[in-house]
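Residue-level listing of the chains:
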Amino acid sequence: MINAEQRQLLHQYLILDLAIQSLQRDYKILEQLKMKAIYVPFVESLMKSVRQDYFNLKRKLAKQKIHVVGWHRIDAYFSDVRIATAGEDEMLRYANQALKTEVEQLLIKLLSPV
């Protein structure tokens, strides 16, 4: 069983994972644009930042013997995430639209000047 702090770390890890996947998909499309010289370095820099946070969280969770086993899309609205812990596996349910919104908010936050 994971506690509230571990669940928050896990949630942030999942958001970062989804952000990386989204950026990688978009990157392939950007490479086809005529003005790719402008957009590609920008997205590469953003991916580098997100990946660094992702791997830091992954290490932190691994030290606590927590890792994501897999995603299972239930329908258009919900997905289950299987989590392996030191004690037993857990299944967490997430709303797909809420995850998408959080990924967008994270990327907007990272793009905003401080």
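What comes next is a walk through the structure.

The subject of this paragraph is the pairing of strand β3 (residues 89–95). Of the two faces of β3, the one lined by E90, L92 and Y94 is fully buried and the one lined by D89, M91, R93 and A95 carries no buried residue. Relative to β3, strand β2 (residues 78–84) is paired through seven bridges, and the arrangement is antiparallel. Residue pairing for β3: A84 is matched across the bridge by D89. Connecting β2 to the next strand, β3, in antiparallel fashion are four residues.

This paragraph deals with the sheet that holds β2. An order of β1-β2-β3 is seen for the three strands of this open sheet, with the pairing classed as antiparallel. Each edge of the sheet is formed by a strand with only one pairing partner; in this case those strands are β1 (67–73) and β3. For this sheet the average axis-to-axis angle between neighbouring strands, irrespective of direction, equals 25°. Of the strands in this sheet, β1, β2 and β3 touch helix α1 (residues 4–30), which is tilted by about 60° from β1. Here helix α3 (residues 96–111) sits on the sheet and contacts β1, β2 and β3; the angle it forms with β3, its principal contact strand, is near 80°.

Scoring rules and cut-offs
- Residues numbered from 1 in each chain as written.
- Predicted model: local features only at pLDDT ≥ 70, side-chain atom pairs only at ≥ 80, totals over all residues.
- Heavy atoms only, no water.
- Buried < 20%, exposed > 50% of the residue type's maximum accessible area, 1.4 Å probe, protein only.
- Helix = DSSP H or I, 4+ residues; strand = E, 2+ residues; numbered from the N terminus.
- Pairing = 2+ DSSP bridges.
- Axes fitted to C-alpha atoms, helices over the stretch in contact; angles between N-to-C directions.
- Contact = heavy atoms within 4.5 Å.

None of this, on its own, says anything about what the molecule does.
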